[in-house]
Amino acid sequence: MRSRLIVFGFCASFGPLSTHLIVPVLADIADSFDVGLASVQLALSTYLVGLAMGQFVVGALADRFGLGRVLIGGLSIHFLASLVLAIAPSFDVFLAARAVHGLSGSAGMVIALAAIGRSRSPHMAVYGGYLMAWLSLMTMVAPVIGAFLAERFGWRGIFDATAVLVLAALALALWQIWRDRSHQPEPLSHGTSSLIADARVLARNRTLIVHACEIAMTIGAFYFFIGVLPYATRDVFDLDVRGVGAWLFVVSTGLAVGVLGAGFIKPLAVPRTGILVGALVMAVATAVPLVLFAVRGSIAAPALFIPIAVMAAGQTVVLSRAQIGAIESAPDRPGTAAGICGALQFAAGAVFAFLGGALVETVQGFLPALVGLFLMCSAIAGIAAMHLRSRTHST
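Now for a quick tour of the structure. This is a predicted model, so every value here is computed, not measured.

### Digging into the layout of surface pockets
Quantified by volume, the second largest pocket comes out at close to 190 Å³. Within the residue set of the lining of the second largest pocket, elements represented by two or more residues are α3 (26-33), α10 (206-236) and α11 (241-264). A total of 5 residues in the lining of the second largest pocket trace back to one element, the largest contributor, which is α10. Along the lines of polarity and charge, the residues of the lining of the second largest pocket split into 10 nonpolar, 1 polar and 4 charged.

Right, dumping it as structure tokens:
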């Protein structure tokens with residue numbers, strides 16, 4: 001299981017990597033294609049829509065055909081989409097390729113979660129924590145790597161580098177599949193009707209749906225911030241690409257802190273308790289820049305990015321606990337369960353990333369964005385509190 005976790009974890013990297021590598025250069029991409037900031041947010045939203053669709057499709061296909069075949073297919077398509085993005089002649093071609101990039105980028109993430117779910121190991125929660133730690137690390141370093149590559153090779157060089165990494169992942173995945181060839185698990189479902197039936201059964205799983213909503217709202221809050229980011233860095237703080245990458249690294253360190261907290265603070269290991277604590281941390285953290293801006297009329301970059309780093313720590317606790325709770329609630333359909341959660345997660349990310357960018361471009365102000373972020377985090381805390389209370393009453 002250990003080698004599979006390492007290989008599948010590396011293959012899962014392309015979900016967060018391909019999402020966040022371009023975040024520091026969104027303004028540069030807008031200038032290159034001569035489009036506005038709201039339009040360039042579609043580069044992020046389109047990828048997330050593809051990632052959302054892929055989460056459900058890949059999860060269902062993995063249950064039907066097996067993990068290895070679906071993983072190889074997804075990585076192969078991701079490689080081809082990376083090449084198209086590197087040479088895209090127009091913004092329309094770029095967006096179409098980003099959608100395919102997201103669709104294929106979901107394969108590794110779903111397969112890794114499904115492999116953990118199928119292991120039926122007593123250490124499943126630990127393995128899930130390791131995976132979250134790795135994905136958090138990828139999210140943390142992606143903006144810095146993206147800024148480094150863009151400074152030296154231009155933003156198109158980001159996708160050339162991605163293609164090389166995908167080839168390495170393909171080689172590792174093929175090696176792992178060959179190594180496991182004598183004890184591949186049987187597919188868990190057969191036929192289209194079975195896939196539809198699985199989805200219908202899981203749609204009636206209240207615990208799964210609540211956790212999926214918590215995941216969707218949590219990732220939505222983060223991508224709402226990402227949607228606001230180009231306006232904040234260019235018009236509010238006047239940061240260059242290196243400065244954006246540095247502050248995003250600070251934000252991403254919060255993800256690592258959240259992983260450590262979820263792994264070493266025992267009360268946070270209980271899904272409902274951990275989710276509530278993480279959501280409260282998110283709400284309190286986002287209240288800080290809101291209050292400062294409301295009182296002073298402006299804030300410096302540290303007053304935004306440091307609280308957002310704390311928000312990211314709470315976000316990681318919520319996501320790790322909710323994802324494991326969701327998969328544990330459907331042990332006979334782990335791939336489809338992971339797919340449903342992932343689809344809602346990244347669909348919410350796509351919607352809120354676009355809404356964040358559209359909001360600041362429409363109102364030309366920062367305060368409404370801070371209010372929206374705080375309200376979203378408060379809503380997550382409310383959902384978590386109601387779920388914990390209902391569980392307490394039922395026991």
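### A look at the packing of aromatic side chains
Under the counting rule described, the total for this entry stands at 14 aromatic pairs. With 6.0 Å between their ring centres and 75 degrees between their planes, Phe-94 and Phe-159 make a pair best called edge-to-face. Placement of the pair is Phe-94 in helix α6 (residues 91-119) and Phe-159 in helix α8 (residues 156-179), with a sequence separation of 65 residues. Site record: aromatic cluster; members linked through ring pairs are Phe-225, Phe-237, Trp-247, Phe-293, Phe-305 and Phe-366.

### A few points about empty space enclosed by the protein
Going through the model one piece at a time under the given rule, you end up with 7 cavities of 30 Å³ or more. Put simply, the second largest cavity is a space of about 60 Å³. Forming the boundary of the second largest cavity are Phe-224, Phe-225, Val-228, Ala-232, Leu-304, Phe-366, Ala-369, Leu-370 and Leu-373. Elements supplying a minimum of two residues to the lining of the second largest cavity: α10 and α15 (367-394). For the lining of the second largest cavity, the leading source of residues is α10, giving 4 residues. Residue composition of the lining of the second largest cavity, grouped by class: 9 nonpolar, no polar and no charged.

### Notes on the side chain of Ser-45
Within the element layout of this structure, Ser-45 appears in helix α4 (residues 37-65). The exposure class of Ser-45 is buried, given its relative accessible area of 5%. If we ignore the near neighbours within four places in the chain, the residues touching Ser-45 are Ala-350, Ala-353 and Phe-354.

### Thoughts on a nonpolar patch on the surface
Side chains of Leu-42, Val-351, Phe-354 and Leu-355 sit close together on the surface and give an oily, nonpolar patch of about 310 Å² of accessible area. Here the element with the most residues in the nonpolar patch is helix α14 (residues 334-363); it accounts for 3 residues. Residue placement: Leu-42 occurs in helix α4. Its relative accessible area of 31% is what places Leu-42 among the partly exposed residues.

Reading the values: rules and limits
- Residues numbered from 1 in each chain as written.
- Predicted model: local features only at pLDDT ≥ 70, side-chain atom pairs only at ≥ 80, totals over all residues.
- Heavy atoms only, no water.
- 1 Å grid on protein atoms, 1.4 Å probe; cavity = no way out; pocket = protein on both sides within 12 Å on 5 of 7 lines; lining within 4 Å.
- Points joined across faces, edges and corners; volume = space filled by probe spheres on them.
- Helix = DSSP H or I, 4+ residues; strand = E, 2+ residues; numbered from the N terminus.
- Nonpolar A, V, L, I, M, F, W, Y, C, P; charged D, E, K, R; others polar.
- Phe/Tyr/Trp six-rings, centres within 6.5 Å; stacked < 30°, edge-to-face > 60°.
- Buried < 20%, exposed > 50% of the residue type's maximum accessible area, 1.4 Å probe, protein only.
- Contact = heavy atoms within 4.5 Å.
- Patch = residues over 30% accessible without salt bridge, like charges linked within 9 Å, V, L, I, M, F, W, Y side chains within 5 Å.
- Areas by Shrake-Rupley, 256 points an atom, 1.4 Å probe, with all protein chains shown as cover.
- Salt bridge = Lys/Arg side-chain N within 4 Å of Asp/Glu carboxyl O.

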